[in-house]
Amino acid sequence: MSSEALNGTLRMAYSPCPNDTFVFDAWAHGRIPGAPALDVTFADIDVTNAMAERGELDVLKVSYAVLPYVLDTYTLLPCGGALGRGCGPLVLTREPGPDGLDLTGRTVAVPSERSTAYLLFRLWAADTLPGGVGEIVVLPFHEIMPAVRDGKVDAGLVIHEARFTYQNYGLHKLADMGEHWEGTTGLPIPLGAIIAKRALGEETLTRIAETIRASVRAAWDDPEVSRPYVLEHAQEMDPAVADQHIGLYVNEFTADLGEDGYAAVRGLLTRAAAEGLVPPLGPNALDFP
């Protein structure tokens, strides 16, 4: 257990994206009575994934795809993350229609090979591209759409607010990874997880989960209170896009994973393990204390 945790302050990392700042605003600003104090680090998901693999910080927002690599040190919290319907990653191309449909042997830019988006993409490709894609290029997510537009790559896998802005780059949607996942499984789309160090102990972990739920409820009860925090970190995002982002990614599963949420997570990681993309999960790996 870190010295900060022992002193009552938890070191936490999450992204500057609107859904995370919306969810954690009340906790980060001390508006949840009795909650542990937070020392917050802002970092994109590929950075927090790497932090988790190194065992850094007490609580992190990570991709569900990284869970099989970190569950010895961290436990999955039953709330605070991002799952949903109609919110999956997109594959974008410059050309619409049939000319943009065959990615066999083509170059595809992705935000990370340890991202949930990448697992969903690989599962989609396994079902729809028997010849397989060509080269995978990892780029920061904000560089992917310009790279597709400029012809540096043949296609791009995009996440976050790119769902709402890709038309501004003159790009076209080739496929929706979420539609494919929901259509083949009937389950919601698992995207981002909240994890906490097992060494914190059952009592503290339960308290963290209760605090996250209280922070979510506070954000829903009075959304305007969180607005300055959301827009401060939204990287010049249009406020209307920020609202769309929150509306899509903060939902019932944020308050509680529930039966469908856990089924989605286990389903994704089981299928990914069968494709050799991640190590297999143990039978009780997702249990929360």
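Look a little higher up for the structure.
Residues numbered from 1 in each chain as written. Predicted model: local features only at pLDDT ≥ 70, side-chain atom pairs only at ≥ 80, totals over all residues. Heavy atoms only, no water.

A.B. asks: Please clarify how the overall build of the protein chain should be interpreted in this entry.
C.D. replies: Within the protein chain, the secondary structure is distributed over 13 helices and eleven strands. Structurally, the protein chain occupies a C-alpha span of about 60 × 40 × 30 Å along its principal axes. Residue burial in the protein chain is summarised as follows: out of 289 residues, 53% are buried. Here the protein chain displays about 12,100 Å² of accessible surface, and carbon together with sulfur accounts for 47% of that area. With 21 positive and 39 negative side-chain charges, the protein chain shows a separation of 2 Å between the mean positions of the two kinds. (Helix = DSSP H or I, 4+ residues; strand = E, 2+ residues; numbered from the N terminus. Buried < 20%, exposed > 50% of the residue type's maximum accessible area, 1.4 Å probe, protein only. Areas by Shrake-Rupley, 256 points an atom, 1.4 Å probe, with all protein chains shown as cover. Lys, Arg positive; Asp, Glu negative; His and termini not counted. Charge placed at Lys NZ, Arg CZ, Asp CG, Glu CD.)

A.B. asks: Could you clarify how one ought to interpret empty space enclosed by the protein in this entry?
C.D. replies: Here the idea is plain: a probe the size of a water molecule rolls over the atoms and shows the empty space left. For the structure shown, the criterion picks out three cavities of 30 Å³ or more. What lines the largest cavity is a set of 22 residues, among which Ile-45, Ile-159, His-160, Leu-191 and Gly-192 lie closest to the centre. Looking at the lining of the largest cavity, the elements that each hand over two or more residues are helix 2 (18-28), strand 3 (59-63), helix 5 (116-128), strand 11 (189-197) and helix 11 (239-249). Counting residues per element, the lining of the largest cavity draws most heavily on strand 3, which supplies three residues. When the residues that make up the lining of the largest cavity are grouped by side-chain class, the tally is eleven nonpolar, nine polar and two charged. Taken as a whole, the second largest cavity holds about 40 Å³ of empty space. Lining the second largest cavity are Pro-16, Cys-17, Pro-18, Phe-141, Glu-161, His-233, Ala-234, Gln-235 and Met-237. When grouped by side-chain class, the residues that make up the lining of the second largest cavity number six nonpolar, two polar and one charged. (1 Å grid on protein atoms, 1.4 Å probe; cavity = no way out; pocket = protein on both sides within 12 Å on 5 of 7 lines; lining within 4 Å. Points joined across faces, edges and corners; volume = space filled by probe spheres on them. Nonpolar A, V, L, I, M, F, W, Y, C, P; charged D, E, K, R; others polar.)

A.B. asks: Whenever I open this one, the layout of surface pockets confuses me. Can you help?
C.D. replies: Volume-wise, the largest pocket comes out at about 240 Å³. For the largest pocket, the full set of lining residues is Phe-141, His-142, Met-145, Glu-161, Ala-162, Thr-165, Asn-168, Tyr-169, Ala-234, Gln-235 and Met-237. Those elements that place two or more of their residues in the lining of the largest pocket are helix 6 (141-149) and helix 7 (162-165). With three residues, the top contributor of residues to the lining of the largest pocket is helix 6.

A.B. asks: What am I meant to see in the nonpolar core here?
C.D. replies: Across soluble globular proteins, nonpolar side chains show a tendency to be buried alongside one another. If you look at the biggest cluster of nonpolar residues, it comprises 56 residues, and the most contacted ones within it are Leu-60, Tyr-64, Leu-67, Val-91 and Trp-124. A per-element tally of this core places helix 5 first, with eight residues. Here Tyr-64 is in contact with Leu-76, Ala-82, Leu-83, Thr-116, Pro-190, Leu-191, Gly-192, Ala-193, Leu-257, Val-265, Leu-268 and Leu-269, once residues within four sequence places are set aside. If you look at the next biggest cluster of nonpolar residues, it comprises 31 residues, including Tyr-14, Ile-208, Ile-212 and Val-216. (Core = buried A, V, L, I, M, F, W, Y, C linked by side-chain atoms within 4.5 Å. Contact = heavy atoms within 4.5 Å.)

A.B. asks: Is there a simple way to think about the side chain of Asn-251 in this case?
C.D. replies: Tracing the sequence through the fold places Asn-251 in the loop between helix 11 and helix 12 (252-255). Looking at Asn-251, its side chain comes within polar contact range of the main-chain oxygen of Leu-83, at 2.7 Å. The contact partners of Asn-251, leaving out residues within four places of it in the chain, are Leu-83, Gly-84 and Trp-220. (Polar contact = N/O pair within 3.5 Å; in protein donor to acceptor, adjacent residues only side chain to side chain.)

A.B. asks: So what exactly am I meant to see when it comes to the pairing of strand 1 (residues 9-14) here?
C.D. replies: For a regular strand, the rule is simple: side chains alternate between the two faces of the sheet. Examined bridge by bridge, strand 1 and strand 2 (residues 37-42) share six bridges and lie parallel to one another. Each residue of the ladder has a partner; that of Arg-11, found in strand 2, is Asp-39. Running through helix 2, the crossover from strand 1 to the neighbouring parallel element strand 2 is right-handed. The pairing of strand 1 with strand 3 spans two bridges and is classified as parallel. Paired with Met-12 across the bridge in strand 3 is Val-59. (Pairing = 2+ DSSP bridges. Right-handed = clockwise from strand over helix to strand, strands pointing away.)

A.B. asks: What should I look at first to understand the environment of Glu-224 in this one?
C.D. replies: Examined against the element boundaries, Glu-224 turns out to sit in helix 10 (residues 223-232). Take Glu-224: its relative accessible area is 53%, and that puts it in the exposed class. Separated by 94 residues in the primary sequence, Glu-224 and Pro-130 place their C-alpha atoms 48 Å from one another.

A.B. asks: I tried to follow unusual backbone geometry on my own but got confused; where do I start?
C.D. replies: A negative phi angle characterises most non-glycine residues, just as the trans form characterises most peptide bonds. Non-glycine residue Leu-57 carries a positive phi angle of around 70°. For Leu-57, a relative accessible area of 7% puts it in the buried group.

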